[in-house]
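Close look at the chain arrangement
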Amino acid sequence: MTIAVEKVLYTAKATAHGGRDGKVATDDGKLDVVVAPPAEMGGTGKGTNPEQLFAAGYAACFHSALKVVARRERQDVEGSTVTAEVGIGAINGGAGYGLEVALVVSLPGIEDRAVAEDLVAKAHQVCPYSNATRGNIKVDLQVA
């Protein structure tokens, strides 16, 4: 099932030159980075890599969704953090590559674990990255 956006609020635009061993820049000049495969994948590791960029975006987006849900639920998530761990590896017997994600959420102000897990589950329904990846890749939600 394809999810259609009812009204686009913002569109980001980035252009890559050289693939995994090149450069990525946004049209507004706010992001301009050298990309390179990590040493674990045979690269130099002398730049960021697409998985790091994806992890940064997912972590920030999920944290914003968590704050939206917490406001609705009247919960205090001050001091909370979200860490995204993005793994890449072979799929289909090596015919291609896939991603998997672990989202590790720290909620130091929420003492009741069930409440914390409920907030994280609800944020997973709100977050655009979660909605884009749902059913496509494994996303493991963890409350630290």
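The notes below deal with the structure included here. (Residues numbered from 1 in each chain as written. Predicted model: local features only at pLDDT ≥ 70, side-chain atom pairs only at ≥ 80, totals over all residues. Heavy atoms only, no water.)

Strand order in the open sheet made by the three strands is S4-S5-S6, with mixed pairing throughout. Each edge of the open sheet is held by one strand with a lone partner, namely strand S4 (81-91) and strand S6 (138-143). Adjacent strand axes in the sheet meet at a mean angle of 15 degrees when their direction is disregarded. Note: strand S5 (residues 96-106) against S6, six bridges, orientation parallel. Residue pairing in the sheet places Glu100 in a bridge with Lys138 of S6. Across the face of the sheet, helix H1 (residues 50-73) comes into contact with S4, S5 and S6 while running at roughly 140 degrees to S4. (Pairing = 2+ DSSP bridges. Helix = DSSP H or I, 4+ residues; strand = E, 2+ residues; numbered from the N terminus. Axes fitted to C-alpha atoms, helices over the stretch in contact; angles between N-to-C directions. Contact = heavy atoms within 4.5 Å.)

Moving on: H1. Residues lying three or four places apart along an α-helix face the same way, a consequence of the helix completing one turn every 3.6 residues. Helix length check: H1, at 24 residues, gives a terminal C-alpha distance of 34 Å against a target of 34 Å (1.5 Å per residue), a fit within 8%. Among the residues of H1, Glu51, Ala55, Gly57, Tyr58, Ala59, Cys61, Phe62, His63, Ala65, Leu66, Val69 and Ala70 are the ones counted as buried. For H1, the secondary structure elements touched by its buried residues are S4, S5, helix H2 (113-126), helix H3 (128-133) and S6. Two or three places before Glu51, at the opening of H1, Asn49 has a side-chain oxygen 3.1 Å from that residue's backbone nitrogen. Remark: Arg74 follows H1 within two positions and exhibits a positive phi of approximately 55 degrees. (Expected span 1.5 Å × (residues − 1). Buried < 20%, exposed > 50% of the residue type's maximum accessible area, 1.4 Å probe, protein only. Polar contact = N/O pair within 3.5 Å; in protein donor to acceptor, adjacent residues only side chain to side chain.)

Here we take up the pattern of salt bridges. For the coordinates displayed, the defined rule picks out five salt bridges. The salt bridge partner of Lys23 is Asp32, with a shortest N-O separation of 3.5 Å. Assessed through its relative accessible area of 49%, Asp32 is described here as partly exposed. For Lys122, the salt bridge goes to Asp118, with nearest N and O atoms at 3.1 Å. (Salt bridge = Lys/Arg side-chain N within 4 Å of Asp/Glu carboxyl O.)

Right, let's get into the side chain of His63. Position of His63 among the secondary structure elements: in helix H1. Of note is the side chain of His63, whose polar atom sits 2.8 Å from the side chain of Ser80. Setting aside chain neighbours within four positions, we find His63 in contact with Ser80, Thr81 and Val82.

It is worth spelling out the packing of aromatic side chains at this point. Counted according to the given criterion, the structure contains three aromatic pairs. Geometrically, the ring pair formed by Phe54 and Tyr58 is edge-to-face, given 5.8 Å between the ring centres and 70 degrees between the ring planes. Separated by four residues within a single helix, Phe54 and Tyr58 lie in helix H1, roughly one turn from each other. Members of the aromatic cluster, joined through ring pairs, are Phe54, Tyr58 and Tyr129. (Phe/Tyr/Trp six-rings, centres within 6.5 Å; stacked < 30°, edge-to-face > 60°.)

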